[in-house]
Amino acid sequence: PTEAGRKLEAMPSDSREKLVQLADAHAAGELRTLEGIVDTNCIQRSWSSRASVLCPTMSRFNHSCLPNCEQTWDPETGYEQVFASTQIHKGEELSLPYVD
């Protein structure tokens, strides 16, 4: 397997299942690939960085021209974080901007 495949195999089964259920914009029918899932769902750490991360929960957020959340990379924790950027009412969908 590739390095990404080895990392996937080393993940706990619940985390692995969440990852492989993500969309693959390059898939033909039901045939998704790890490469396609990563390419479709990776999030750039910052506008000036070429590094990216795969965040299965954040990958399910919709995007909006008028988002109510923002994301930021925290280098100290190694996590991408999401913060409310407007008041969010109970039941309101959370959305992220298309670009940083």
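Residues numbered from 1 in each chain as written. Predicted model: local features only at pLDDT ≥ 70, side-chain atom pairs only at ≥ 80, totals over all residues. Heavy atoms only, no water.

1. A look at the nonpolar core
Test applied: To qualify as a nonpolar core, a set must consist of buried Ala, Val, Leu, Ile, Met, Phe, Trp, Tyr and Cys residues joined through side-chain atoms within 4.5 Å. Think of it in three bands: with a 1.4 Å probe and only protein chains considered, a residue is buried below 20% of the maximum accessible area for its type, exposed above 50%, and partly exposed in between. Pairs of residues are marked as contacts when any of their non-hydrogen atoms sit within 4.5 Å.
Listed in full, the eight residues of the largest apolar core are Ile-43, Val-53, Cys-55, Met-58, Phe-61, Cys-69, Trp-73 and Leu-96. Leu-96 has contacts with Met-58, Phe-61, Asn-62, His-63, Ser-64, Pro-67, Cys-69, Glu-70, Gln-71 and Val-82, leaving out every residue within four places of it along the chain.

2. Thoughts on the environment of Met-58
Quick note on the threshold: Per the convention used, a helix needs a DSSP run of H or I reaching at least four residues, while a strand needs a run of E reaching at least two, with both numbered from the N terminus.
Topologically, Met-58 is positioned in the loop between β2 (52–54) and β3 (62–64). Each C-alpha atom, one on Met-58 and one on Ala-84, is 13 Å from the other, the two residues being 26 residues apart in sequence. Each residue touching Met-58, except ones within four places of it in the same chain, is listed here: Ile-43, Gln-71, Glu-80, Val-82 and Leu-96.

3. A few points about the state of the cysteines
The line we're drawing: By definition, disulfides here are pairs of cysteine sulfur atoms that lie within 2.5 Å.
Considering all chains together, one arrives at zero disulfides under this definition. In this structure Cys-42 is a free cysteine whose sulfur lies 8.4 Å from that of Cys-55, the closest cysteine sulfur available. What makes Cys-42 partly exposed here is its relative accessible area of 30%. We note that Cys-65 lacks a disulfide partner, and the nearest cysteine sulfur, in Cys-69, lies 15 Å from it. Residue classification places Cys-65 among the exposed residues on the basis of a relative accessible area of 70%.

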